[in-house]
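# Structural features, examined
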Amino acid sequence: MDRRAFLALAAAVPLAARTLLAAERRMLQMNGYPLNAETPLELLTDYLTPNDLFFVRSHWIPRMPDMRTWRLAVGGDVNHPLSLTLADLRKLPRAEATCVLQCAGNGRALHTPILPGVQWRYGAVGNAQWRGVRVADVLARAGVKSSAKHLHLFGSDDPPGKVPPFHRSIELSKAMDDCILAFEMNGEPLPSGHGAPVRLIVPGWAGDHWMKWVVRLEPQAAPQTGFYMDTAYRWPIKPGEPGVVFKPEEMNPLTAMAVKSNITTAPARAKIGKPVEIRGFAFSGAPDITGVEISENDGKTWAHAQVDGRHAPHAWRLWSFRWTPRRAGMATLTARATDSSGATQPREAVWNQSGYLFNAWHSVNVEVTS
Ligand SMILES: Nc1nc2c(c(=O)[nH]1)N[C@H]1C(S)=C(S)[C@@H](COP(=O)(O)O)O[C@H]1N2
Ligand SMILES: [Mo]
């Protein structure tokens, strides 16, 4: 993050709002979900999103594990059930991935018609370096039976009563391929809000798979059931017109993210003939971004942006574009990305009733004067 930008932003908050913020420091918020917060888009300018700026999304008021008694249990279809301490985990070979974590609902507020759910706009996304151990190495110690095809995931934050627990599963093949049980984020111990002591990293897949506060893993023959598998986090098999509501069986579980770019930095005003710089990031469920393009005529023609060299599989790419305004008036600059599978960011996002994976072209307006 550019801390100066952040301070400038804080200074811009009106006095009334600042008084409210000050009150929050002494008050205990009792209602709703206090731990859903997105990053302002204009602050998502770093290759690695700083931990204290990284969006937070929790379904229920978290019940964080007690660090002294925490164990990772491995049960289900295994030959040797395990109960591992953090020290046990740390004895396994280190694994590392720099990749994007994005909430499936990021951009929900931008879908038309509008939808219920957390009204995420642009900032329920970040790119971080995650360190820990490979899921495959942990499961190898337990000896997975050949009957197992899915990995059931349990966190410590089960809510009370009839509120559905956030129980999930992912395909065992994905878990064994590149998933990590992370205890470090950007070189620091994993912060508790992001799932300490250990969370799951699922490169390329939306955030709902990235179980926080992991306490138990179970290889099983069948997928996990329950609200967060059977009803939520599903994606239409055949997309329909905006507003169409699908039955769960007309949808598949949502897995990989969709190709997307956002503009983080653009001047509000520019002068004819004076070049200005536009910046942003781009990522996808595919391992890499192969190009980012900018249009100043609503997609009739496109020009290539400069894509930054820093990258890892499923990490985002920063990009920049030098633009010289030629005409006075309001200019609209639009960005679109293309990924290594050949998919290009679409003009319109795919409609789905939960408002997942919004990835329509992103535009900004610049007022050009002579
Ligand atoms: N145990 C648990 N894990 C969870 C969640 C949760 O509510 N409980 N939320 C999920 C969702 S929907 C997202 S988008 C990511 C958000 O991770 P973050 O808060 O570290 O950004 O965590 C996922 N893992
Ligand atoms: Mo999410």
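About the thresholds
- Residues numbered from 1 in each chain as written.
- Chains lettered and ligands numbered in written order.
- Predicted model: local features only at pLDDT ≥ 70, side-chain atom pairs only at ≥ 80, totals over all residues.
- Heavy atoms only, no water.
- Domains from an automatic or database assignment.
- Buried area = accessible area lost by both parts, 1.4 Å probe.
- Salt bridge = Lys/Arg side-chain N within 4 Å of Asp/Glu carboxyl O.
- Helix = DSSP H or I, 4+ residues; strand = E, 2+ residues; numbered from the N terminus.
- Nonpolar A, V, L, I, M, F, W, Y, C, P; charged D, E, K, R; others polar.
- Pairing = 2+ DSSP bridges.
- pLDDT = per-residue confidence, 0-100.
- Contact = heavy atoms within 4.5 Å.
- Buried < 20%, exposed > 50% of the residue type's maximum accessible area, 1.4 Å probe, protein only.
- Phe/Tyr/Trp six-rings, centres within 6.5 Å; stacked < 30°, edge-to-face > 60°.
- Disulfide = S-S within 2.5 Å.
- Near = heavy atom within 4 Å.
- Polar contact = N/O pair within 3.5 Å; in protein donor to acceptor, adjacent residues only side chain to side chain.
- Areas by Shrake-Rupley, 256 points an atom, 1.4 Å probe, with all protein chains shown as cover.

### So, the domain arrangement of the protein
Entries for the protein in the domain assignment read domain 1 (24–232) and domain 2 (260–369). In this structure, domain 1 and domain 2 have C-alpha centres spaced 29 Å apart. Buried surface at the junction of domain 1 and domain 2, summed over both partners, amounts to about 2300 Å²; 64% is from carbon and sulfur atoms. Inspection of the domain 1/domain 2 interface yields zero salt bridges. For the side of domain 1 that touches domain 2, the elements supplying multiple residues, two or more each, are strand S3 (94–102) and strand S4 (125–134). Counting residues per element, the side of domain 1 that touches domain 2 draws most heavily on S3, at four residues. Residues belonging to the side of domain 1 that touches domain 2 are distributed by class as follows: 13 nonpolar, 12 polar and four charged.

### Thoughts on the sheet that holds strand S15 (residues 276–283)
One open sheet accounts for four strands, arranged S13-S15-S19-S18; its pairing is antiparallel. Both outer strands of the open sheet, strand S13 (260–265) and strand S18 (306–307), are each paired with one neighbouring strand and no more. By the bridge criterion, seven bridges tie S15 to strand S19 (residues 317–323) in an arrangement that is antiparallel. Each bridged residue has a counterpart across the sheet, and for Val 276 the counterpart in S19 is Trp 323.

### What to know about the confidence of the model for the protein
When pLDDT is averaged along the protein, the result is 92, and 91% of the positions lie at 70 or above. Under a pLDDT of 50 for its full length, residues 10–20 has, in the predicted model, three contacts with residues more than four places off or in other chains.

### Things to note about the pattern of salt bridges
Scanning all chains against the criterion turns up 12 salt bridges. Across the salt bridge formed by Glu 277 and Arg 279, the nearest N and O atoms sit 2.9 Å from each other. Look at Glu 277 and you get partly exposed, because its relative accessible area is 38%. Within this structure, Glu 96, Arg 131 and Glu 184 form a network of salt bridges that share partners.

### Thoughts on the environment of Ile 272
Mapped onto the elements of the fold, Ile 272 is located in the loop between strand S14 (269–271) and S15. Owing to a relative accessible area of 35%, Ile 272 belongs among the partly exposed residues under this scheme. The residues contacting Ile 272, other than those within four sequence positions of it, are Pro 325, Arg 326, Arg 327, Ala 328, Val 368, Thr 369 and Ser 370.

### So, the packing of aromatic side chains
One pass over the structure, following the stated rule, counts 11 aromatic pairs. Between Phe 54 and Phe 55, the aromatic rings sit 5.7 Å apart at their centres with planes inclined by 25°, giving stacked as the arrangement. Both residues of the pair, Phe 54 and Phe 55, belong to the buried class. The interplanar angle of 80° and the centroid separation of 6.2 Å between the aromatic rings of Phe 55 and Trp 120 together place this pair among those described as edge-to-face. With Phe 55 in the loop between helix H2 (15–26) and strand S1 (72–74) and Trp 120 in the loop between S3 and S4, this residue pair connects regions lying 65 residues apart in the sequence.

### Section: unusual backbone geometry
Look at the link from Thr 112 to Pro 113: it is a cis peptide, with omega at -10°. The residue Pro 113 is located in the loop between S3 and S4 in this model. Backbone geometry at His 314 places phi at a positive 70°, although glycine is not the residue there. Mapped onto the fold, His 314 is located in the loop between S18 and S19. Residues other than glycine seldom take positive phi values, yet Leu 357 does so here, at roughly 50°. For Leu 357, the position within the fold is in the loop between strand S20 (329–339) and strand S21 (362–369).

### A closer look at the sheet that holds S21
Two pairing modes exist for strands in a sheet, parallel and antiparallel, and in both the strands are linked by backbone hydrogen bonds. Across the sheet, five strands lie side by side as S14-S21-S20-S16-S17; this open sheet has mixed pairing. Two strands close off the open sheet at either side, each with one partner strand: S14 and strand S17 (303–304). Looking at chain direction, S14 and S21 are connected through three bridges and run parallel. Among the inter-strand pairings, Ala 270 is bridged to a residue of S21, identified as Val 368.

### Thoughts on the state of the cysteines
Cysteine pairs can be covalently joined through their sulfur atoms, and such a bond is termed a disulfide. Per the counting criterion, the structure on display carries zero disulfides. Cysteine Cys 99 remains unbridged, with the sulfur of Cys 179 as its closest cysteine sulfur at 9.3 Å. Owing to a relative accessible area of 0%, Cys 99 belongs among the buried residues under this scheme.

### Remarks on the site of ligand 1
Around ligand 1 sit 18 residues in total, of which Phe 55, Asp 157, His 194, Arg 199 and Lys 212 are the nearest. Within the contact set of ligand 1, an oxygen atom lies 2.7 Å away from a backbone nitrogen or oxygen of Phe 55. In this structure, a nitrogen atom belonging to ligand 1 sits 2.7 Å away from a side-chain N or O atom of Asp 157. Relative to its unbound accessible surface of 530 Å², ligand 1 loses 100% to contact with the protein. Class assignment for the residues of the shell around ligand 1 results in nine nonpolar, four polar and five charged.

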